[in-house]
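Residue-level structure breakdown
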Amino acid sequence: MSTTLLFVDDEPDLEALVLQKFRRQIRDGEVTIMFARDGLEALAALEQHPQVDMVVSDINMPRMDGLSLLTKLQEAEDKKSTIIVSAYGDMSNIRTAMNRGAFDFLTKPIDFADLEATIGKTIRHIEMLREVRRRQMEAERAHAALSRHFSPELAKRLAASGEGEGIEVQWRDVATIFTDITGFTSLVETAPPEALGKLLNEYVGGMTEIVFAHEGTVAKIIGDAIQVLFNAPGDQPDYATRAVACAHELDAWAQEFRARQHATGITFGATRIGIHAGAALVGNFGGNRYFDYTAYGDSINIAARLEAANKHLGTRICVSASVAEAAEKFQGRPVGELMLRGRSEPLRAFEPLPPAKYEAPETALYAEAFAKMAAGDAAAMPAFAALVGMHADDSLAGFHLKRLLNGAKGIRMQLE
């Protein structure tokens, strides 16, 4: 790469002498040399030619001397490496020049062999700075891309570890969360665009912050829907526990957000959440030009189906048995065996409950009614009816009561 030098000196013979001494380097395209007669002319030249890499300046010049020029150069955002050359080689000038940021100091009469060696050393310094800046820019670009998916601390670690490390496509056991908002399409059709944009940004921003607080990975955001991964890209042995805890906090935040919108007259639907754990193909599927860290596989599809199942069940969170069994001290109640669209085998599902609801008496009553339904006991119907009569807001109990009234038997059910 060619280096551009700016010589600043008011001696009329210097220009010809420098061009003569550096003629080979100029001919071979190694250097480009420019000249200015004083500090003010040098500043004007630098403004017009910001590509200048290095300044070689005399001290004693009219209008603006070299030490004043040096101060101006160090105040600029793009600081230029500067060599001071002067007949005044006393220690005071040397110290002043170095304190003001000079890279080196030479005395007159110029020893061109020494000048060439000093310029070579300065060029190597400039090239090192260029490489540092290049790496810094690459790291910043990588961090910006990673920050869309990962928590701030994880994004920093991945960006610092080098491109591609830890995000290559691989099979991993992951816990996947899918979230969606009921009735969001209707809201899109009725809300003003500016209001909808602000509303959705606040919602997605709040949900994402919760995911990052649990060190989850945001794989996709499509409108109001969010896909979250745990145990990717880094290892999280407690990934199922993290996913359940994250889902509870997402649910609580979404309910509070919904209530705030209702208070302002905006009908904002409930957030439904589905979770499944299993193997998936995970990594950056964006190629060289676009970063897209996401996951594919049957386990991902199941998590999406469980999110949709909430609509039929009357629940807000629905998790598979693989999550309930892997999560530490899981607290929840059984939903049943779901025949999900696109699957030939039933999937046992559960509704995770916050501690207060899990320990409430109605949860024990639900467990008794569910056990009777699983055993084919005719007493299941009055047990669920009594529970619904006591707790009209128990949508899952009401769902099973309707099934029994419609002639359903057992805990297996077909969902579209």
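Data block above holds the structure.
Residues numbered from 1 in each chain as written. Predicted model: local features only at pLDDT ≥ 70, side-chain atom pairs only at ≥ 80, totals over all residues. Heavy atoms only, no water.

**Thoughts on the overall build of the protein chain**
What counts, and what does not: Here a strand is any run of E in DSSP of at least two residues, a helix any run of H or I of at least four, and the numbering for each starts at the N terminus. The classification of residues rests on relative accessible area computed with a 1.4 Å probe and restricted to protein chains. Under 20% of the type maximum is buried, over 50% is exposed, and intermediate values are partly exposed. Whether two residues are in contact is decided by their heavy atoms, any of which lying within 4.5 Å being enough. Areas reported as accessible are Shrake-Rupley estimates using a 1.4 Å probe. Residue values count occlusion only from the protein chains shown.
The helix and strand inventory of the protein chain stands at 16 helices and 14 strands. The buried share among the 416 residues of the protein chain stands at 45%. Sequence-distant contacts, at least 24 apart, represent 66% of the contacts inside the protein chain between residues at least 6 apart. For the protein chain, the exposed area adds up to about 21200 Å²; of that, 53% sits on carbon and sulfur atoms.

**Observations concerning the nonpolar core**
Put simply, the test is: Nonpolar cores are built from buried Ala, Val, Leu, Ile, Met, Phe, Trp, Tyr and Cys residues. Side-chain atoms within 4.5 Å join them into one set.
One finds Ile177, Tyr203, Phe230 and Ile275 to be the most contacted residues of the largest nonpolar core, which totals 39 residues. At the level of secondary structure, the elements contributing two or more residues to this core comprise strand E6 (170-181), helix H8 (184-190), helix H9 (193-213), strand E8 (225-230), helix H10 (239-263), strand E9 (271-284), strand E11 (317-320) and helix H12 (321-326). If near-sequence neighbours (up to four positions away) are discounted, Ile275 is found in contact with Thr176, Ile177, Ala243, Val244, Ala247, Ala303, Leu306, Cys318, Val319, Ser320 and Val323. Leu306, Ala309, Ala380 and Leu401 belong to the second-largest nonpolar core, a separate cluster that totals 25 residues.

**Quick notes on the pairing of E9**
In the case of a regular strand, side chains alternate between the two sheet surfaces. The criterion, for reference: The pairing criterion for strands is at least two bridges between them, as found by DSSP.
The buried fraction of E9 amounts to 12 of the 14 residues, a majority that puts the element mostly inside the structure. With 12 bridges joining them, E6 and E9 adopt antiparallel strand pairing. Bridging across to E9, Val174 finds its partner in Gly278. Pairing of E9 with E11 involves 3 bridges; the strand directions are parallel. Within the sheet, the bridge partner assigned to Gly274 lies in E11 and is Cys318.

**Remarks on the packing of helix H14 (residues 361-374) against helix H16 (residues 395-405)**
Spelled out, the test is: Only the stretch in contact is used when a helix axis is fitted, and all axes are lines through C-alpha atoms; the angle between N-to-C directions ranges over 0 to 180 degrees. Any angle that is under 35 degrees is reported as roughly parallel, and any over 145 degrees as roughly antiparallel; angles of 65 to 115 degrees are reported as roughly perpendicular and all others as oblique. Note: crossing handedness is left-handed where the near helix turns anticlockwise from the far helix by less than a right angle, and right-handed where it turns clockwise. Note that Gly is not counted as nonpolar here; it falls among the polar residues with everything else outside the nonpolar set of Ala, Val, Leu, Ile, Met, Phe, Trp, Tyr, Cys and Pro and the charged set of Asp, Glu, Lys and Arg.
One can describe the packing of H14 onto H16 by two numbers: an axis separation of 11 Å at closest approach and a directional angle of 25°. Between H14 and H16, the crossing angle belongs to the class labelled roughly parallel. Considering the relative orientation of H14 and H16, their crossing is left-handed. Counted together, Tyr366, Phe370 and Met373 of H14 and Leu396, Ala397, His400, Arg403 and Leu404 of H16 form the full contact between these two elements. Class assignment of the residues belonging to the contact of H14 with H16 gives a composition of 6 nonpolar, 1 polar and 1 charged.

**A few points about the packing of helix H3 (residues 39-48) against helix H4 (residues 66-75)**
The N-to-C vectors of H3 and H4 enclose an angle of 25°; their axes lie 9 Å apart at closest approach. It follows that H3 is roughly parallel to H4 by the angle criterion. For H3 against H4, the interelement crossing comes out right-handed. On the side of H3, the interface is formed by Gly39, Ala42, Leu43 and Leu46, while H4 contributes Leu69, Lys72 and Leu73.

**Topic: the sheet that holds strand E5 (residues 104-107)**
One key point about sheets: their strands pair by backbone hydrogen bonds, in either a parallel or an antiparallel sense. Strand order in this open sheet of 5 strands is E2-E1-E3-E4-E5, and the pairing throughout is parallel. Bordering the open sheet on either side are strand E2 (31-36) and E5, each of which pairs with just one other strand. Between one strand and the next, the sheet's axes are offset by a mean angle of 20°, whatever the strand orientation. Inspection of the sheet shows strand E4 (residues 81-86) paired to E5 by 4 bridges, in the parallel sense. Opposite Ile84, over in E5, you have Phe105 as the bridge partner.

**Details of a nonpolar patch on the surface**
Selection rule: Grouping into patches uses exposed residues only, defined as over 30% relative accessible area, and leaves out salt-bridged ones; the cut-off is 9 Å for like charges and 5 Å for nonpolar side chains (Val, Leu, Ile, Met, Phe, Trp, Tyr). Salt bridges are identified by distance alone: a Lys or Arg side-chain nitrogen within 4 Å of an Asp or Glu carboxyl oxygen.
A cluster of nonpolar residues, Val169, Phe285 and Tyr296, forms a patch on the protein surface that exposes about 260 Å² of accessible area. With respect to the helices and strands, Phe285 occurs in the loop between E9 and strand E10 (293-296).

**Re the environment of Asp65**
What counts here: By the criterion applied in these results, polar contacts are pairs of N or O atoms within 3.5 Å in which, for protein atoms, one can donate a hydrogen and the other can accept it, and in which residues neighboring in sequence qualify only through two side-chain atoms.
Among the structural elements, Asp65 can be located in the loop between strand E3 (54-57) and H4. Counting along the chain gives 27 residues from Asp65 to Asp38, while the straight-line C-alpha distance between them is 6.8 Å. A polar atom in the side chain of Asp65 sits 2.9 Å from the backbone nitrogen of Leu67. Within the local environment of Asp65, its side chain forms a polar contact with the backbone nitrogen of Ser68, the two atoms lying 2.8 Å apart.

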